[in-house]
Number of protein chains: 2
Amino acid sequence: MPQLRISNEEYIRRRETLFTRLSDRNVQAIVLFQPHNVSYLTAFGFIPTERPMATVITPNTSALLVPHLEREHAEEFALVDRVDIYPEYPDLRHPMEFMKDLLVDLGLTSATIGVDAEGYGQIYGYRGPRIPELLPDASLVNILDDIEYMQMINSQEELALIRESCRWGNLAHTYLQEYCEVGVSETEISMRASFEATQAMIRTLGTEYRPLTFGMATAFAGFRGQIGKASAMPHSMTSNVKLQAGDVLVTGASAAVWGYGSELERTMIMGEPTAEQARLFNHMLEAQTLALNTLKAGRPCSDVDKAVRRYFKDEGIEETWRHHTGHAKSMLIHEAPFLDVGDDRMMEVGMVFTVEPGVYVPDFAGFRHSDTVAVTEDGFEWLTYYPRDLESMTIPI
Amino acid sequence: MPQLRISNEEYIRRRETLFTRLSDRNVQAIVLFQPHNVSYLTAFGFIPTERPMATVITPNTSALLVPHLEREHAEEFALVDRVDIYPEYPDLRHPMEFMKDLLVDLGLTSATIGVDAEGYGQIYGYRGPRIPELLPDASLVNILDDIEYMQMINSQEELALIRESCRWGNLAHTYLQEYCEVGVSETEISMRASFEATQAMIRTLGTEYRPLTFGMATAFAGFRGQIGKASAMPHSMTSNVKLQAGDVLVTGASAAVWGYGSELERTMIMGEPTAEQARLFNHMLEAQTLALNTLKAGRPCSDVDKAVRRYFKDEGIEETWRHHTGHAKSMLIHEAPFLDVGDDRMMEVGMVFTVEPGVYVPDFAGFRHSDTVAVTEDGFEWLTYYPRDLESMTIPI
């Protein structure tokens, strides 16, 4: 039976680890507002709206503040000792007044509180007071860097979920490649591939399977508009074009498993590549191989990007450079640290990165593979596992 | 030919309207960081990441600051006079230093600047200085309320896009209802319906059609886990359950058209409803009808929710109440103002709301229709147009 969730023990361990990290800062409680941080410590996945939600965790207890409409959902799924509710936002009494009640009830009126933000973000029209206005005697300590650091280091359980994600992203991408055909629209190919992969995934994993994130697809593969000349735009947006002979395609595939994801991207060519397409493809492949071989625990992240940028310079293709080599990848779409010349944080065992240097020639084509890999003592371990070579990426037409 | 985008003239009008609103505050330039605000004034839809993007608009010129990877994308699609780029985030020089260069170059060093935020949000690991640290002599004015107010009042062009969204959400929901069958999983039904509706949509609208938003589906219909007993959780999450006889289903459908959306939700029943299901369904329907009939320009939003809450009280079903009556709906998932007892803002012609009072009985079922409607002088106009009655919502098994 595949592992499909983070164990309760691990959620508890995360809280202990966080308090241990904060032991030199005299923090008596933690308040988290950002949805993925709440999920990270409570196992509760939810849809963020104008209604604030937050978790309060002390060494002895844990609580979740949610709007009334989330009561039963939180009581069933959240790993907390108590669920406090407020009626609604804005309603007649502001939700943050209920947050104050909760903090006061927990004896935190003049405590030192670690927070990821001073209040709920201004999203979907939300407005509201921040903790310093509610509890003027409390001292706030920003612990966003601490929780973010913990999230960078993936445990064995987290790696298992990312691997599970890679498996289904791989299947979705396999269907995507099979369905590529001249004259068919990107949207049709993408939706068919995502549908088939998801059908296989939910039948294999059964009803225990939960994506747990809102807006992230079950299994997915697509192009996001990077087709033909538009492949030269690294972040093009879906525009419903039809594939044509000679098109360069840049793809993307993933799957959501208990809130974790992965990133698999490939450059494919509709028909036999031209000499120029092959030249640029091979530069991209060389740069990716170089980047992969620079990964290693104990080296700074910047080393990887420096190696790639040096390659672009040495090969005289600097004008095709558009972005850094990669980013951490676990619960979010992009995460810190970055494989970027400006990020000198050290690579550590358990960090997961995308490795995706790209080569772009405006009005011609773009070339990018992205693989998701884990940093090890000696180098790296593949998590995605799709063919990378030009022959495998050539689609017969 | 259906209207599939906002005209350039309207984007220009929006800027003029905003400066007119701000004329009493001596604002010389506007800086917007929030992605949907940037799109609202520049027509540029993009994928937000760790790399900040922002627009700077003065009465005479407009600029966009983007990372290098968005250069060609922005140059092709953004309605601005200049596109400034920075290499990457974090890179060796922080992107906000380039923002400072741009502001200085526009002569705004000691200007009064209207902003939607003082800097880019802490998303995806981004960290960075805020405008006051970069330009200590500038005066900042928070104009988030102003731009949000403008976004509340939909123009004819915006209403046309929302209507187009409703059309395809309706088709997706029609397929969804057709495909509901005992023993089939929600994920399969949802993906099939979304696929079929999107195929029809892209063929009808052609290659001019652009969803323009990242992560919002082309055409979509689904359940998000609100099936059987879980329908009693208003914001349940997809859990891959199979439909069974007697299940109450709560659905949702939409489609993205040039960044605009709509919301259609229905309560459906697998097989002949029980007396208790029918009773609760009819309470929900009555409450929605009541809410709709309370809509009218010049009345406070709170009136609508007060009428609904009074209905719950009068009927003795207060314990089934979980959330306010609705929210504005245009470019985002939820928007202000809210049909909520705590929101006394006035309804105005051009405002678009979801109307969706819900009735929830834990461990039994939930009942909610949501329709998207426009406020008029005399009342409201339906934008969604799907059957609402119990007979139409009963699925033969």
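Residues numbered from 1 in each chain as written. Chains lettered and ligands numbered in written order. Predicted model: local features only at pLDDT ≥ 70, side-chain atom pairs only at ≥ 80, totals over all residues. Heavy atoms only, no water.

Structural notes on the sheet that holds strand 2 (residues 54-57) of chain A
Residues and elements named next belong to chain A. Ordered by their spatial adjacency, six strands build an open sheet running 4-3-2-1-5-6, and the pairing between neighbours is mixed. The sheet terminates laterally at strand 4 (82-86) and strand 6 (139-142), the two strands that pair on one side only. Strand-to-strand twist across the sheet, computed as the mean angle between neighbouring axes with direction ignored, equals 25 degrees. In this structure, strand 3 (residues 62-67) lies alongside strand 4, joined through five bridges in parallel fashion. Within strand 4, the residue paired with Leu 64 across the bridge is Val 83. Relative to the sheet, helix 2 (residues 35-42) contacts strand 1 (29-32), strand 2 and strand 3, its axis offset from that of strand 2 by approximately 45 degrees. (Pairing = 2+ DSSP bridges. Helix = DSSP H or I, 4+ residues; strand = E, 2+ residues; numbered from the N terminus. Axes fitted to C-alpha atoms, helices over the stretch in contact; angles between N-to-C directions. Contact = heavy atoms within 4.5 Å.)

Looking at the pattern of salt bridges
Side chains that carry opposite charge are capable of pairing whenever their charged atoms lie near each other. In this structure the tally under the stated criterion is 54 salt bridges over all chains. Two residues, A:Arg309 and B:Asp91, come together in a salt bridge whose shortest N-O distance is 2.8 Å. Taken together, the residues A:Arg309 in helix 10 (residues 301-314) and B:Asp91 in the loop between strand 4 (82-86) and helix 4 (95-105) connect one chain to another. On the basis of relative accessibility, which here comes to 22%, the residue A:Arg309 falls in the partly exposed class. Taking the relative accessible area as the measure of exposure, B:Asp91 reaches 12% and is therefore buried. A cluster of three or more residues bridged by salt bridges with shared partners is formed by A:Glu10, A:Arg13, A:Arg14 and A:Glu158. (Salt bridge = Lys/Arg side-chain N within 4 Å of Asp/Glu carboxyl O. Buried < 20%, exposed > 50% of the residue type's maximum accessible area, 1.4 Å probe, protein only.)

Regarding the domain arrangement of chain A
Residues and elements named next belong to chain A. The assigned domain composition of chain A is domain 1 (8-151) and domain 2 (153-395). Just the C-alpha atoms count here: the centres of domain 1 and domain 2 sit 34 Å apart. Contact with domain 1, which involves 18 residues of that partner, is made by 15 residues of domain 2. Roughly 1300 Å² of surface becomes buried between domain 1 and domain 2 when both sides are summed, with 51% attributable to carbon and sulfur atoms. Considering only the surface of domain 1 that becomes buried against domain 2, Glu 10, Tyr 149 and Gln 151 emerge as the three largest contributors, covering 34% of it. At the boundary of domain 1 with domain 2, the tally comes to one salt bridge. Between Glu 158 and Arg 14 there is a salt bridge, with its nearest N and O atoms 3.2 Å apart. Between the two partners, domain 1 and domain 2, sit seven residue pairs in polar contact (both at pLDDT 80 or more). Going through the elements one at a time, helix 1 (8-21), helix 2, helix 3 (71-77) and helix 6 (144-152) are the ones with two or more residues in the side of domain 1 that touches domain 2. (Domains from an automatic or database assignment. Buried area = accessible area lost by both parts, 1.4 Å probe. Polar contact = N/O pair within 3.5 Å; in protein donor to acceptor, adjacent residues only side chain to side chain.)

Overview of helix 8 (residues 186-205) of chain B
Since one α-helical turn is 3.6 residues long, residues separated by three or four positions face the same way. All names here are of chain B. Between its first and last C-alpha, helix 8 extends 28 Å over 20 residues, near the 28 Å set by a 1.5 Å rise per residue. Counting buried positions along helix 8 gives 15 out of 20 residues, so the element sits mostly inside the fold. Backbone geometry just after helix 8 places Gly 206 at a positive phi near 75 degrees. (Expected span 1.5 Å × (residues − 1).)

Concerning the environment of B:Thr238
Mapped onto the elements, B:Thr238 comes out in the loop between strand 7 (219-222) and strand 8 (248-250). Since its relative accessible area comes to 25%, B:Thr238 is described here as partly exposed. Taking the C-alpha atoms as reference, B:Thr238 lies 45 Å from B:Thr20; in sequence the two are 218 residues apart. Those residues in contact with B:Thr238 that lie beyond four places of it in its chain are A:Arg210, A:Pro211, B:Glu186, B:Thr187, B:Arg224 and B:Gly225.

Observations concerning the side chain of A:Asp343
Locating A:Asp343 in the fold gives a position in the loop between strand 12 (335-339) and strand 13 (352-355). Polar side-chain contacts of A:Asp343 include one of 2.9 Å to the backbone nitrogen of A:Phe338. Ignoring sequence-local partners within four residues, the contact set of A:Asp343 consists of A:Cys301, A:Ser302, A:Pro337, A:Phe338 and B:Pro90.

What about the confidence of the model for chain A?
With 99% of its residues at a pLDDT of 70 or more, chain A has an overall mean of 96. Two summary scores accompany this predicted model of the complex, namely pTM at 0.97 and ipTM at 0.96. (pLDDT = per-residue confidence, 0-100.)

Some remarks on the packing of aromatic side chains
On inspection of all chains with the given rule, the structure shows 14 aromatic pairs over all chains. Both rings, one in A:Phe380 and one in A:Trp382, keep their centres 5.3 Å apart while their planes meet at 80 degrees; by these two values the pair is edge-to-face. Given a relative accessible area of 23%, A:Phe380 falls into the partly exposed group. The interplanar angle of 40 degrees and the centroid separation of 6.3 Å between the aromatic rings of B:Tyr86 and B:Phe98 together place this pair among those described as tilted. Here B:Phe98 lies in helix 4 and B:Tyr86 lies in strand 4, a separation of twelve residues in the sequence. Per residue, the accessibility class of B:Tyr86 equals that of B:Phe98, and both read buried. Counting every residue linked through ring pairs, the aromatic cluster contains A:Tyr89, A:Tyr120, A:Tyr126 and B:Phe338. A cation over an aromatic ring shows up here: A:Arg210 above the ring of A:Phe77, its NZ or CZ 4.2 Å from the ring centre. (Phe/Tyr/Trp six-rings, centres within 6.5 Å; stacked < 30°, edge-to-face > 60°. Lys NZ or Arg CZ within 6 Å of the ring centre and 35° of its normal.)

So, the sheet that holds strand 8 of chain B
All names here are of chain B. With mixed pairing, three strands are arranged side by side in an open sheet as 8-10-18. The open sheet terminates on both sides in strands that have one partner only, identified here as strand 8 and strand 18 (394-395). Here strand 10 (residues 267-270) runs beside strand 18; their pairing, made up of two bridges, is parallel. Directly across from Met 270, in strand 18, lies its bridge partner Ile 395.

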